[in-house]
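What follows is each chain in one-letter form.
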Amino acid sequence: MTRTRWSSRHVLILLLSGLAISVVTSATATPARASWGKGECYESESAHCYAYTEWEMTHAGESVKGAEDIPDTTLMDVPEYANGSFVDDEMWLGFSSSEGWLEIGQEAGSNKSCCTLHPFIAHAEYRNSSGHAIGYEEYTWNEVDAEPRNLYRIEDPSANGTWCEYIWNNLVDCHAKPGYWSTYANELEAGMEVYANSKPTNAGSQEVDYIAHGGEHRAWGGASEVHGYISPGPNAAHELCESPNKKSNYPGNAEWSTC
Amino acid sequence: MRPVIIKTVLARNRRLILAVLAACSIVGASQALSASAGTSSSPPNPSPFAAYLTPPATTLSPEEIVAIARSESARAGELNPTISISKGSFENAMRSVDPSTIIPETSEPGEQAMFATPVSLVVMHGAFTLQDAHVRHGVKAPIGSVLDLIIDEHTGAVMGRALPSPSDLAASLPLASTSSTKAKDGIIVGSVGAGGGPPHRGRYRIKWSVPHTAVVVMSLKHVILLTTMTDGKGLFSIRIRPGHYLVTSTFTNDCLTNRVVVRPGKIVSTHVSCSIK
């Protein structure tokens, strides 16, 4: 009898110990990181995902005085916006010498709303030897709802290294970063950027042009080619799609979506 | 090597490009995008700022601002930042964060209201990494030792974030100063360089740039008005009232003193050459 009671108590202690161990183990184990794009897209500096077109200015002397982008966002839903997830439909203009850049476009998410678009601008002075952006700034107009189809422009209007950003035709600011941003830029990209642990919904298209040294607006391309890319890699391509803009099939114009 | 997954090759047709270029040379700038993009439709006409929503009349308490700042700092990887807060308009806060900022005059009421939005400028010191910044593909997250937040005083929304570069930090002004001196300041940007032989105007004799050295701005009567430092690449940026100034450096006893004219809302550049004999 005594042995039986001792045995039951022992079993009970064992069970409670096991339960405690399992609770501690589950509490301290690293939770599986949510991601999509077959693990390539999640909220980390190395896991922003992109679908974009790029004009590779590979010919000597090729450069631009500015560029324009008309994104037309037809679908947008960022379910985890409250966690800081965001989706941008936008354009980047950069300088290969410093790897600094300016970008402009419309976004949803970023702790504001799942689906409402807001215009934003951002820039970085340069990229340091470790690959990090230095001198970063971003401004978002939370009280301004962007149209689904909007015009954005980045230009050095006086060709003196002072770069200005325009939303529709409103000049919103200018900056100069002497030594980092040159008078003319030689990198152009446009498309979507996603920062999210769970796959958002985004679809739309874009039309782009560039501003030549003389101020003329022209189609992307010049002497060099324009390509489309999915970044960071093959797995993301299963859930991000990009194709030529069927309604406006010119260099750099594209349709993109989460797919 | 960047992964190339979709190679849409949108620009193979040179004839097409030439046609577009020809079209663009004919039409005006405002129509050029449509012409170059081959579409007859245009974006919506009303300015997005025309419908600027005036924030509700409640104002956040300092404690609420600090709570927002701490939350943003934690997201940027810094749990124990030092925090200072000042108040002003969105426009002045932008100038305070980045002295090179030039904001245009606008007659549009919506845009004026937007730039006049009352904000708190939070300046935090620590070690920050903005994982959730807007970045180009292939670029690592922005980093910095100072995180600036521009927070809408009424809604608590973060309107701006910045990790200023060393040169911006050297030239930055507190928000109160930008409010009082906002009226059409200009900017002096430039560099300090050194080399052998006598100092020269221009760069052709300069052997190297001089980082972290003092730059001095004086009146034409050689009264020192302010000093700042060059950044790691020997560059500097100074926001100042319009006028005539002398700019020099104390790197050696033989630096050129350059005369500059600062005009409202304009940037003037100058290069200070120093001789090391």
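Fair warning: this is a prediction, and the values are worked out from it, not measured in the lab. (Residues numbered from 1 in each chain as written. Chains lettered and ligands numbered in written order. Predicted model: local features only at pLDDT ≥ 70, side-chain atom pairs only at ≥ 80, totals over all residues.)

(A) Representation of the overall build of chain A in the model. Scanning chain A from N- to C-terminus turns up one helix and 15 strands. For chain A, with 259 residues in total, the buried portion stands at 59%. In chain A, of all internal contacts separated by at least 6 residues, the share reaching a separation of at least 24 is 67%. (Helix = DSSP H or I, 4+ residues; strand = E, 2+ residues; numbered from the N terminus. Buried ≥ 20, exposed ≤ 12 C-beta atoms within 10 Å, placed from the backbone. Contact = placed C-beta atoms within 7 Å.)

(B) Local environment of the interface of chain B and chain A. Each side of the interface is counted separately: chain B has 69 residues, and chain A has 85 residues. Within the residue set of the side of chain B that touches chain A, elements represented by two or more residues are helix 1 (14-26), helix 2 (29-37), helix 4 (90-97), helix 5 (109-115), strand 4 (158-163), strand 5 (186-195) and strand 12 (267-275) of chain B. Within the side of chain B that touches chain A, the residues separate by chemical class into 43 nonpolar, 15 polar and eleven charged. Sheet analysis places strand 6 (residues 133-140) of chain A next to strand 4 of chain B, joined by four bridges and oriented antiparallel. Opposite Y139 of chain A, over in strand 4 of chain B, you have G160 of chain B as the bridge partner. (Nonpolar A, V, L, I, M, F, W, Y, C, P; charged D, E, K, R; others polar. Pairing = 2+ DSSP bridges.)

(C) Spotlight on the sheet that holds strand 3 (residues 86-94) of chain A. On the basis of which strands lie adjacent, the open sheet formed by eleven strands has the order 13(A)-1(A)-10(A)-3(A)-4(A)-5(A)-6(A)-4(B)-3(B)-2(B)-1(B) and antiparallel pairing. Each having just a single partner strand, strand 13 (226-231) of chain A together with strand 1 (82-89) of chain B make up the two edges of the open sheet. For this sheet, the mean inter-axis angle between neighbouring strands, taken without regard to orientation, is 15°. Strand direction decides the pairing type here: strand 3 (residues 143-152) of chain B and strand 4 of chain B, joined by four bridges, are antiparallel. Its bridge partner lying in strand 4 of chain B, L149 of chain B is registered against R161 of chain B. The strands that helix 3 (residues 62-75) of chain B touches are strand 1, strand 2 (118-129), strand 3 and strand 4 of chain B; relative to strand 2 of chain B, the one it contacts most, it runs at about 35°. Those strands touched by helix 4 of chain B are strand 6 of chain A together with strand 1, strand 2, strand 3 and strand 4 of chain B, and its axis lies near 135° from that of strand 1 of chain B. (Axes fitted to C-alpha atoms, helices over the stretch in contact; angles between N-to-C directions.)

(D) Spotlight on unusual backbone geometry. All names here are of chain A. The residue after S231, namely P232, is reached through a cis peptide bond having omega 20°. Mapping P232 onto the fold places it in the loop between strand 13 and strand 14 (240-244). Of note, S110 is a non-glycine position whose phi angle comes to about 50°, a positive value. As for its placement among the helices and strands, S110 is situated in the loop between strand 4 (101-109) and strand 5 (113-127). For N111, which is not glycine, the phi torsion reads 70° and is therefore positive. Mapped onto the elements, N111 comes out in the loop between strand 4 and strand 5.

(E) Just the nonpolar core, in detail. Residues A67 and L93 of chain A are the most contacted members of the largest nonpolar core, which totals 126 residues. Beyond its immediate stretch of four places on either side in the chain, L93 of chain A contacts A67, W101, L102, I154, A185, E187 and L188 of chain A. (Core = buried A, V, L, I, M, F, W, Y, C linked by C-beta atoms within 7 Å.)

(F) View of the environment of S257 of chain A. Residues and elements named next belong to chain A. Among the secondary structure elements, S257 is positioned in strand 15 (residues 254-258). The exposure class of S257 is partly exposed, given the 18 C-beta atoms found within 10 Å. For S257 and L75, which are 182 residues apart along the polypeptide, the C-alpha to C-alpha distance reads 8.4 Å. Look past the residues within four positions of S257 in its chain and what remains in contact with it is N202, A203 and C241.

Take it as geometry only, folks, not as evidence of what the structure does.
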